[in-house]
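A structural walkthrough
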Amino acid sequence: MIVALVAAIPLVFVAGYAVSVGWDQAWQLIVRPRVGELLRNTVELTAACMAACAVLGTAAAWLVERTDLPGRRVWHVLLTAPLAVPAFVTAFGWISITGDVEGVSGALLVVTLAYYPLVYLPVAAALRGLDPALEETAHSLGLGPWRTFIRVVVPQLRPAVLGGSLLVGIHLLAEFGALQMLRFPTFTTAIYDQYRSSYDADSATMLAGVLVVLCAALLAAELRLRGQRRYARVGGGTPRATRPLRLGLFTAPALVVVAGVVVLGLGVPLGSLVYWLAAGTSTVFPLGTLALTAGTTIGLALLGALLTTACALPVAWLSVRHRGRLSSLAERSTYVGNALPGIVVALALITVSVRLVQPVYQTTGLLLAAYVIMFLPRATVSVRAAIAQVPPVLDDVAHSLGARGAATVGRVILPLIAPGVGAGAALVFLAAATELTATLLLSPTGTHTLATQFWSSVRDVDYGAAAPYAGLMVLIAAPATYLLTIASGRSDT
């Protein structure tokens, strides 16, 4: 509940501000033509991106895990690699070479290429962990490969697809950098403009309130679709691997599709960075500044990942092992902060710190608190999925053998959920290492990260100067991305 209360700080801030403004004024600020346009843009882009990521991520995972696609291990790494490239860097890569990606179609293309790994990874892990006996039983009852996939495999993938799609939707609700660069107005870009240009706090906070409602709708839909079905089993099924489906004549088209996704999602932004590093007239390499900024970024991201994952563990445990309204409320509350723009989270923490705990204002601790609030869902989804696959009967067996309390957790539970915990920590590290808006407002005086330095150069249309910082962000994020591939590869152990 302490974690849930901390995560709810931005929500309390928005709700309290709305109450202080008054119902009449709040209604007048919401019911405006501009708000209707922003609502349409936000809902259309979020729904389309979630659907596109679900289809693309699931299809790619199936090709890699369940077919004889040549080079499957290499494709697995390459399909995960876009997580190492922040969405605003992907947008930078596209707009720096062409102006045709602006607008709704360009925004959908860029955010889908940036976020589909959030669905691909959990689905690939789920496919590896499925019991082959289920599909063999379906075959023995006369079901063909496609009917088996639809009636047996797809229902087992539901938690992974829904969890990944939920992350995509919530993260897109709060996306700022990429959409600002692509000139596609949503609630998040409008809130940022209101705060930074005219500092219209009333309008901005009301827009943030609409985002909270959209987040609540996403959470309710995911919870309803998830259902109460349990997916844990005692054993790993048969020890033999599932026989891969032979693609035959479809091998070449499948390779073209997978290669196209990798080229568009990874090749274009990385190629653009290489171009600006090599040919940019303003490209400079201030080694001292780059080293200091990279060290600060790594340190903050590591601390944020450790703290956020530690906070996610009790929430995920309660939501799986002690289901009820209170535990569901605690879990759902952790998603709200991630749906709000970083600038709203930052302003909420600034207000609370100045009024209640002034000594923490402009400290690293306050910035880490923002990371926890914004990135808890990334850790919670991964940890929850891992705990859900650990049968409670193993606890009883450990107790019958004399292991209780901490011994059961240390010797039985933690080894089984370690891949999920590692995946969640890696996801948080990736997000914290590339976080922009909250870091701009909350970082202590004189503290700069790669993301803030990159944004400063891009804002001045100084692409050559921005490229070294973007390149370092990708290099720092690459090891965490590789850890995610390992975690998903060991999900069936």
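Remember, predicted model here, so these are calculated numbers, not experimental data. (Residues numbered from 1 in each chain as written. Predicted model: local features only at pLDDT ≥ 70, side-chain atom pairs only at ≥ 80, totals over all residues. Heavy atoms only, no water.)

1. Comments concerning the overall build of the protein
Along the backbone of the protein there are 24 helices and zero strands. For the protein, buried positions account for 54% of its 493 residues. In the protein, the proportion of contacts linking residues at least 24 apart, taken out of those at least 6 apart, comes to 84%. In the form shown here, the protein has an accessible surface area of approximately 21600 Å², with 66% of it arising from carbon and sulfur atoms. (Helix = DSSP H or I, 4+ residues; strand = E, 2+ residues; numbered from the N terminus. Buried < 20%, exposed > 50% of the residue type's maximum accessible area, 1.4 Å probe, protein only. Contact = heavy atoms within 4.5 Å. Areas by Shrake-Rupley, 256 points an atom, 1.4 Å probe, with all protein chains shown as cover.)

2. Some words on the nonpolar core
Leu 79, Tyr 115, Tyr 120, Ile 191 and Phe 454 are the most contacted members of the largest nonpolar core, which has 146 residues in total. Ignoring anything within four residues of it in the chain, the contact list for Tyr 120 reads Gly 57, Ala 60, Ala 61, Val 64, His 76, Leu 79 and Thr 80. Counting nine residues, the second-largest nonpolar core is a separate cluster that includes Ala 316, Val 320, Ala 386 and Val 390. (Core = buried A, V, L, I, M, F, W, Y, C linked by side-chain atoms within 4.5 Å.)

3. Notes on the environment of Val 152
Assignment of secondary structure puts Val 152 in helix 10 (residues 145-173). In this structure Val 152 comes out as buried when scored by relative accessible area, which is 18%. Counting along the chain gives 14 residues from Val 152 to Ala 138, while the straight-line C-alpha distance between them is 7.5 Å.

4. Examining helix 7 (residues 104-115)
Here helix 7 is 12 residues long and its end C-alpha atoms lie 16 Å apart, about the 16 Å a rise of 1.5 Å per residue gives. Looking at helix 7, one finds that the buried residues are Gly 106, Ala 107, Val 110, Val 111, Thr 112, Leu 113, Ala 114 and Tyr 115. (Expected span 1.5 Å × (residues − 1).)

5. Side note on the packing of aromatic side chains
Evaluated as defined, the whole model comprises five aromatic pairs. Note on Phe 92 and Phe 454: the rings are 5.4 Å apart at their centroids and 85 degrees apart in plane angle, and the pair reads as edge-to-face. Placement of Phe 92 in helix 6 (residues 87-95) and of Phe 454 in helix 23 (residues 450-459) is noted, with a sequence separation of 362 residues between them. Comparing Phe 92 with Phe 454, the two get one shared label, buried. (Phe/Tyr/Trp six-rings, centres within 6.5 Å; stacked < 30°, edge-to-face > 60°.)

6. Digging into unusual backbone geometry
One non-glycine residue, Arg 183, lies in positive phi territory at about 55 degrees. Summarising the element assignment, Arg 183 is placed in the loop between helix 11 (177-181) and helix 12 (187-198). Its relative accessible area of 64% is what places Arg 183 among the exposed residues.

7. Observations regarding helix 15 (residues 287-321)
The end-to-end C-alpha separation of helix 15 is 50 Å, in line with the 51 Å expected for 35 residues at 1.5 Å each. Along helix 15, the largest kink reaches about 25 degrees and is centred on Leu 313; proline Pro 314 follows within four residues of it. (Bend = angle between axes of the 7 residues up to and from the residue.)

8. So, a nonpolar patch on the surface
Residues Trp 23, Trp 27, Ile 30 and Val 31 make up a contiguous nonpolar surface patch of roughly 470 Å² in combined accessible area. Mapped onto the secondary structure, Val 31 falls in the loop between helix 3 (23-30) and helix 4 (33-66). (Patch = residues over 30% accessible without salt bridge, like charges linked within 9 Å, V, L, I, M, F, W, Y side chains within 5 Å. Salt bridge = Lys/Arg side-chain N within 4 Å of Asp/Glu carboxyl O.)

9. Side note on the packing of helix 2 (residues 9-21) against helix 18 (residues 342-355)
With their axes 9 Å apart at the nearest point, helix 2 and helix 18 run at an angle of 80 degrees to one another. Here helix 18 runs roughly perpendicular to helix 2, going by the angle between their axes. Residues Ile 9, Pro 10, Phe 13 and Val 14 of helix 2 form the contact with helix 18, whose participating residues are Val 344, Val 345, Leu 347, Ala 348, Leu 349, Thr 351 and Val 352. Looking at the contact of helix 2 with helix 18, its residues break down into 10 nonpolar, one polar and no charged. (Axes fitted to C-alpha atoms, helices over the stretch in contact; angles between N-to-C directions. Parallel < 35°, antiparallel > 145°, perpendicular 65-115°, else oblique. Nonpolar A, V, L, I, M, F, W, Y, C, P; charged D, E, K, R; others polar.)

10. Some words on the environment of Pro 244
For Pro 244, the location among the structural elements is in the loop between helix 13 (201-226) and helix 14 (251-279). Along the sequence, Pro 244 and Glu 65 sit 179 residues apart, while their C-alpha atoms lie 7.8 Å from each other. Apart from the residues within four sequence positions on either side, Pro 244 is in contact with Arg 66, Thr 67, Asp 68 and Arg 72.

11. Some points on the packing of helix 15 against helix 16 (residues 325-333)
Two elements in contact, helix 15 and helix 16, have axes separated by 9 Å at closest approach and are oriented at 140 degrees. With respect to helix 16, the element helix 15 is oriented oblique. In the packing of helix 15 onto helix 16, the handedness of the crossing is left-handed. Residues Val 315, Leu 318 and Ser 319 of helix 15 form the contact with helix 16, whose own contacting residues are Ser 327, Ala 330 and Glu 331. (Left-handed = near helix turned anticlockwise from the far one by under 90°.)

12. Some details on the side chain of Thr 297
Structurally, Thr 297 can be placed in helix 15. Among the polar contacts made by the side chain of Thr 297, one reaches the main-chain carbonyl oxygen of Thr 293 at a distance of 2.8 Å. (Polar contact = N/O pair within 3.5 Å; in protein donor to acceptor, adjacent residues only side chain to side chain.)

13. Points about the side chain of Thr 67
Looking at where Thr 67 falls in the secondary structure, it is placed in the loop between helix 4 and helix 5 (72-80). Its relative accessible area of 0% is what places Thr 67 among the buried residues. Beyond its immediate sequence surroundings of up to four residues, Thr 67 is in contact with Trp 62, Arg 72, Pro 244, Leu 245 and Leu 247.

14. Structural notes on the confidence of the model for the protein
Taken as a whole, the protein shows an average pLDDT of 81; of its residues, 85% reach a score of 70 or greater. Here helix 20 (residues 393-400) stands out as the element of the protein with the lowest mean pLDDT, 64, in contrast to helix 7, whose mean of 91 is the highest. (pLDDT = per-residue confidence, 0-100.)

15. Considering the environment of Ala 220
The residue Ala 220 is located in helix 13 in this model. Judged by relative accessible area, which is 46%, Ala 220 ranks as partly exposed. With 112 residues separating them in the primary sequence, Ala 220 and Arg 332 have C-alpha atoms 8.8 Å apart.

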